[in-house]
Amino acid sequence: MLPVPRVGIVVVAAGSGTRLGAGGPKAFVGIDRHSILRHALDGVFAAPEAQVVIVAPEGREGDARTEALVAAGDRADLVSVVTGGPTRQDSVAAGLGALWGDVEIVLVHDAARALTPPEVFSRVIGAIDAGADGVIPVLPVIDTIKRVAGDEIVAAVDRAELAAAQTPQGFRRRVLDAAYAAATEDFTDDAALVAAAGHTVAAVPGHPLGFKITTAADLDRARHLLGASSAVALPRVGVGTDVHAFGGGGTLWLAGLEWPGEQALSGHSDGDAVAHAIVDALLAAAGLGDIGTHFGTDHPEYAGAHADAFLTRTTVLLRESGWRVGNVSVQVQANRPRFAARRVEAERALSDALGGAAVSVSATTTDGLGFTGRTEGVSAFAVALVVPV
Ligand code: CTP
Ligand code: MG
C-alpha cells in the first residue's frame, strides 16, 4: 500500500456561477480547451502530493470525476468527489467529511481561482509546517480605499493595513475540523471561521494569477492570459464511428427515431449507432475525449437513454468549452431499416437534439458484403464541424 498523504486539498467547485452567467455551473465553463475546474486541478496536481477532494455541484459528480482523473494522471488514487451544499461553507464541510484519517494539514481552494500556480500551495503548506495553525495567501491592495456611509466619504483607510485574501487557505486539520463543528453562522471564508474560533491566522504572499473568476470580464482575462483568444479562432472538425449488433430487447431506435416492427440493436444505451457516431465526432472536434469519457458506465443515467439525451448533453459539454455545433454529416451502413422514407424525419430529430444545427443523414447498403451485408448489425460514420462561440 502507498503511504497516505498528510496533506488534503479540498477544491470547492459546487457554486452556480450566478455572476458569471454562463448558463451552467461555473466550474465547467471553458477557459480554452479546458474548463475552469480542469485548470484548477492542473495546479492542484502539480503541487506537493495530497489527497484531493473535489466538491461538485449536485448531478455533476461524474463530470467532476472525469476532469479529475485526466488531471490527476498517476495520482488518480488520491481523488475523491463529493456533492456540495447550498453555501460555500456547506460545500467545504462536505469536503472535510471525505478526508482520510491520516490527513493532518488541510488546504481549502476555490476552483474559481483556476490559474493559481502550484508554488502558492507549497508556500501555504510550508507556513503550516513552520508552526502556524492557519495561513492564507494575500496580495497587497492597489486601489486607494475609503470608508463610506451612503454616498459620503467618512475616512481614508491606510492601504498598508489591508490585504486581499486568496486561496488555498491552509489549516491544521484538527483546528479546521473543530472550527467547522463549532460554527453557527456563515463566514465569508475559512480564515474568518477559524479566526472566530480564537485562532491566529498567518499571511504568506499570494500570486496575481490566483485571482477569482467571478464575472465575464474575469473569464476574458483568464482566456487572454492563456493565449486562448487566438487558439479558439478556427472551426475544427472531428470524425466518429460506431457499430451495434442486432439483438437488443424492445423495438429498434436509430438516428433518433423509433422503428416499430424492426429488430432492436444491443448496447449500453439504446444501441443508436448513428447518434453515438455523431457524439464521438463532436467530442473529437472539440478536443473533449470520446463517448466513453462522458457517457460510459460511470454515468448510469445514460443506460437505456435515447439519442436526444446524448446529443443534448453533448451540446452542453461543447458550449461549456466554448464551442457550438456547425454541422454534422452522418452515413449509415445497414440492410435494415430502409432509410429512404424517413431520412428527412431522422435529420430533423437529430437536428432538434443538437439545438437546430444542420444534420445530413445518408444511408447505404454494402452489396451483401460484411456484417452489415449479412444483416448482423449497423455501422455509422460521422463527420462534425464545431465553431468557436
Ligand atoms: N462554491 C461551492 N459551493 C457553493 C458556493 C460556492 O463549492 N454553494 C465554490 C465555487 O464553486 C467557487 C468558490 O466556492 O469555486 C468561490 O465561490 P464563488 O466565486 O462565489 O462562486 P459561485 O458561488 O459559483 O459564483 P456566484 O456567487 O456568482 O454564484
Ligand atoms: Mg458565490
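Rules behind the numbers
Along each chain, numbering runs from 1 in the same order as the chain's sequence is written. The lettering of chains begins at A and the numbering of ligands begins at 1, in the order of writing. Confidence filtering applies because this is a predicted model: local features only for residues at pLDDT of at least 70, side-chain atom pairs given and counted only at 80 or more, and all residues used for totals across whole chains, interfaces and linings. Side-chain measures here rest on the full set of heavy atoms in the structure, leaving out hydrogens and waters. For helices the rule is a DSSP run of H or I covering at least 4 residues; for strands it is a run of E covering at least 2, with both sets numbered from the N terminus onward. Exposed residues in this analysis have more than 50% of their type's maximum accessible area, buried residues have under 20%, and partly exposed residues fall in between, with area computed by a 1.4 Å probe over protein chains only. The contact criterion used throughout is that any non-hydrogen atoms of two residues lie within 4.5 Å. All accessibility values rest on the Shrake-Rupley procedure with a 1.4 Å probe; residue burial counts only the protein chains present in the view. Charged residues are defined here as Lys and Arg on the positive side and Asp and Glu on the negative side; His and the ends of the chain fall outside this count. Just so you know, the charge point we use is NZ for Lys, CZ for Arg, CG for Asp and CD for Glu. In this scheme, strands are said to pair when DSSP sees at least two bridges between them. Where helices are involved, their axes are fitted lines through C-alpha atoms of the stretch in contact, as for all axes, and angles between N-to-C directions lie from 0 to 180°. To qualify as a nonpolar core, a set must consist of buried Ala, Val, Leu, Ile, Met, Phe, Trp, Tyr and Cys residues joined through side-chain atoms within 4.5 Å. Polar contact is defined as a pair of N or O atoms within 3.5 Å, subject to the rule that within protein one atom must be able to donate a hydrogen and the other to accept it, and that residues adjacent in sequence are counted only when both atoms are side-chain atoms. Proximity is defined per residue: any heavy atom of the residue falling within 4 Å of a molecule or strand makes that residue near it. The residue classification treats Ala, Val, Leu, Ile, Met, Phe, Trp, Tyr, Cys and Pro as nonpolar and Asp, Glu, Lys and Arg as charged. All others, Gly included, are polar. Salt bridges are defined as contacts in which a side-chain nitrogen from Lys or Arg sits within 4 Å of a carboxyl oxygen from Asp or Glu. Domain limits in this description derive from either an automatic procedure or a database domain assignment.

Trainee: Explain the overall build of the protein to me, please; I cannot follow it from the model alone.
Mentor: Looking only at helices and strands, the protein features 13 helices and 15 strands. Overall, the C-alpha framework of the protein stretches about 80 × 55 × 35 Å when taken along its three principal axes. Sorting the 389 residues of the protein into buried and exposed places 50% on the buried side. The long-range fraction of contacts in the protein, counting pairs at least 24 apart against all pairs at least 6 apart in sequence, stands at 73%. Accessible area for the protein stands at about 17,300 Å²; split by element, carbon and sulfur atoms hold 53% of it. Both charge centroids of the protein, one from 30 positive and one from 44 negative side chains, sit 4 Å from each other.

Trainee: Please explain the sheet that holds strand β13 (residues 323–333) as it appears in this structure.
Mentor: The strands making up a sheet are joined through hydrogen bonds of the backbone, oriented either antiparallel or parallel. Strand order in the open sheet formed by five strands is β12-β11-β15-β13-β14, with mixed pairing between adjacent strands. In the strand order of this sheet, the two ends are held by β12 (257–265) and β14 (358–364), each with one partner. The average angle at which neighbouring strand axes cross in this sheet is 35°, direction not considered. Here β13 runs beside strand β15 (residues 377–388); their pairing, made up of 10 bridges, is antiparallel. Each residue of the ladder has a partner; that of W323, found in β15, is P388. In the packing of helix α11 (residues 307–320) onto the sheet, the strands contacted are β13 and β15, and the crossing angle to β13 comes to about 145°.

Trainee: Looking at this model, I keep getting lost on the nonpolar core. Mind explaining?
Mentor: As a rule of thumb, soluble globular proteins bury nonpolar side chains together. Residues L254, V274, I278, L282 and L354 are the most contacted members of the largest nonpolar core, which totals 46 residues. Those elements that place two or more of their residues in this core are β11 (236–254), β12, α9 (273–286), α11, β13, α12 (343–353), β14 and β15. With 11 residues, the top contributor of residues to this core is α9. Setting aside residues up to four positions removed in sequence, L282 forms contacts with T314, L318, V325, V328, L354, A384 and V386. With 32 residues, the next largest nonpolar core counts I9, F121, V135 and V204 among its residues.

Trainee: Even after reading the chapter, I still don't get the environment of Q166, so can you show me in this structure?
Mentor: With respect to the element layout, Q166 can be found in the loop between β8 (163–165) and β9 (169–172). Overall, Q166 belongs to the buried group, its relative accessible area being 6%. Remark: the alpha-carbon pair of Q166 and T116, spanning 50 residues in sequence, is separated by 9.4 Å. Not counting residues within four places of it along the chain, the set of residues in contact with Q166 comprises R113, P137, L139, G206, H207, G210 and F211. Here H207 takes part through its backbone oxygen, which lies 2.9 Å from a polar atom of the side chain of Q166.

Trainee: Looking at this model, I keep getting lost on the side chain of R38. Mind explaining?
Mentor: Mapped onto the secondary structure, R38 falls in helix α1 (residues 36–46). Assessed through its relative accessible area of 13%, R38 is described here as buried. Those residues in contact with R38, other than ones at most four positions away along the chain, are E67, V70 and A71.

Trainee: Please explain the site of ligand 1 as it appears in this structure.
Mentor: If you check the shell around ligand 1, you find 18 residues, and the closest are V12, G17, T18, S91 and K212. One of the backbone N or O atoms of V12 is found 2.8 Å from an oxygen atom in ligand 1. The separation between an oxygen atom of ligand 1 and a polar main-chain atom of G17 is 2.8 Å. Grouping the constituent residues of the shell around ligand 1 by class yields six nonpolar, seven polar and five charged.

Trainee: Just to check I follow, could you spell out the pattern of salt bridges for this structure?
Mentor: Two side chains that carry opposite charge are able to pair once their charged atoms sit near each other. Taken as a whole and judged by the stated rule, the model has 15 salt bridges. R173 is the partner of D177 in a salt bridge, and the nearest nitrogen-oxygen pair spans 3.0 Å. Here the residue D177 and the residue R173 both occupy positions in helix α5 (residues 173–182), the gap between them amounting to four residues, near one helical turn. With relative accessibility at 29%, the residue D177 sits in the partly exposed group. In this structure, E262 engages R336 in a salt bridge whose closest nitrogen and oxygen atoms are separated by 2.5 Å.

Trainee: Can you walk me through the domain arrangement of the protein in this structure?
Mentor: Quite often, the size of an interface is put as the accessible area lost when its parts meet. According to the domain assignment, the protein consists of domain 1 (7–216) and domain 2 (233–388). Using only C-alpha atoms to locate each centre, domain 1 and domain 2 end up separated by 40 Å. Counting the contacts that link domain 1 with domain 2 gives one salt bridge. A salt bridge links D63 to R313; the shortest N-O distance between them is 2.8 Å. The tally of links from domain 1 across to domain 2 stands at two residue pairs in polar contact (both at pLDDT 80 or more). Class assignment for the residues of the side of domain 1 that touches domain 2 results in three nonpolar, four polar and five charged.

Trainee: Whenever I open this one, the environment of D32 confuses me. Can you help?
Mentor: Within the element layout of this structure, D32 appears in the loop between β1 (7–12) and α1. Sequence spacing of D32 and G322 is 290 residues, and the spatial spacing of their C-alpha atoms is 7.2 Å. Here H34 takes part through its backbone nitrogen, which lies 3.0 Å from a polar atom of the side chain of D32. A polar atom in the side chain of D32 sits 2.8 Å from the side chain of H39.

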